[in-house]
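Here's the letter readout for the chains.
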Amino acid sequence: MAFTRENFIAFLESASALMNENKQYLIDLDSALGDGDLGLTMTSGFTEAVAFAKGSSETDLGKLAAQTGMAMSKKVPSTMGTLVASGFMGAGKAVKGKSELSDEEAAAFFTAFTDGVCNRGKAAVGDRTIVDALKPGSDAFAAAVKEGKSLHDAASIACDSAQKGSESTKDLIGKFGRAVYYGDKVLGVVDQGSVVGALIYKAMAQTL
């Protein structure tokens, strides 16, 4: 099964729907430990991403992903908006020139998405950020593809890993943003950014 332009757009649509479904949850989490705009940022950002990708005639998946990221960054220039947009731009660079992706290239796409976020935010696993969901997700996806699993099965495994990564943030002290201010008061509460990361992988699993 190749990962096509249609798959990419379906992934964005699924992510947009999930962000909308979880909008209030993200707002509530972010209101308690952040500035409260995360739900609005992600719903607006992914709505823009869908509109841009569907309206584009670009057939190069790499260029389309990068351009989608740029459109998102202009629409929602907040911290999380910039991080997710950087993920799309990084993923796009990794598969530039491809109109469809093999299983291995799809894995490289999502690995590069994680790398794009990490490079922009300078965070690593254990820092209580979106990376705590993205990194386990992309690593699990790449490993499953390497083992010869189908994209469907690999996406399901990646989704589970991203969710577990998000849940693990309940035991972590924040090193970035307002989480630093709250100190150990964040313990027992999932990081709001990691929830976004888990939802991105849920969208990917729903699509593939």
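Before reading further, recall that the structure is shown in the block above.
Residues numbered from 1 in each chain as written. Predicted model: local features only at pLDDT ≥ 70, side-chain atom pairs only at ≥ 80, totals over all residues. Heavy atoms only, no water.

Trainee: Any chance you could break down the packing of helix α1 (residues 5-21) against helix α4 (residues 61-75) for me, citing the residues and the numbers?
Mentor: Remark: α1 packs on α4, axes separated minimally by 10 Å, with the N-to-C direction vectors making an angle of 20 degrees. Judged by the inter-axis angle, α1 sits roughly parallel to α4. In terms of crossing hand, the pair formed by α1 and α4 is right-handed. Of the residues in α4, those in contact with Arg 5, Phe 8 and Leu 12 of α1 are Leu 61, Leu 64, Ala 65 and Thr 68. (Axes fitted to C-alpha atoms, helices over the stretch in contact; angles between N-to-C directions. Helix = DSSP H or I, 4+ residues; strand = E, 2+ residues; numbered from the N terminus. Parallel < 35°, antiparallel > 145°, perpendicular 65-115°, else oblique. Left-handed = near helix turned anticlockwise from the far one by under 90°. Contact = heavy atoms within 4.5 Å.)

Trainee: Break down the packing of aromatic side chains for me, with residues and values.
Mentor: The geometry of an aromatic ring pair comes down to the distance between the two centres and the angle between the two planes. Summed over all chains, the structure comprises eleven aromatic pairs. On the basis of an interplanar angle of 90 degrees and a centroid distance of 5.7 Å, the ring pair of Phe 11 and Phe 110 is categorised as edge-to-face. One end of the pair, Phe 11, is in helix α1; the other, Phe 110, is in helix α6 (residues 103-121), with 99 residues separating them in the sequence. Phe 11 sits in the buried class, given a relative accessible area of 1%. On the basis of relative accessible area, Phe 110 is assigned to the buried category, the value being 2%. These aromatic residues form a ring-pair network of at least three members: Phe 3, Phe 8, Phe 11, Phe 46, Phe 88, Phe 109, Phe 110, Phe 113, Phe 141 and Tyr 201. (Phe/Tyr/Trp six-rings, centres within 6.5 Å; stacked < 30°, edge-to-face > 60°. Buried < 20%, exposed > 50% of the residue type's maximum accessible area, 1.4 Å probe, protein only.)

Trainee: An account of the pattern of salt bridges is requested, with residue identities and associated values reported.
Mentor: Two side chains with opposite charge may pair up if their charged atoms get near one another. As enumerated under the stated definition, the model contains four salt bridges in all. Where Glu 105 meets Lys 98, a salt bridge forms, and the shortest distance between an N and an O atom there is 3.0 Å. Overall, Lys 98 belongs to the partly exposed group, its relative accessible area being 36%. (Salt bridge = Lys/Arg side-chain N within 4 Å of Asp/Glu carboxyl O.)

Trainee: Help me get a handle on α6, residues and values and all.
Mentor: Compared with the 27 Å implied by 1.5 Å per residue over 19 residues, the 28 Å span of α6 between its first and last C-alpha is a close match. A positive phi of about 60 degrees marks Lys 122, the residue just after α6. (Expected span 1.5 Å × (residues − 1).)

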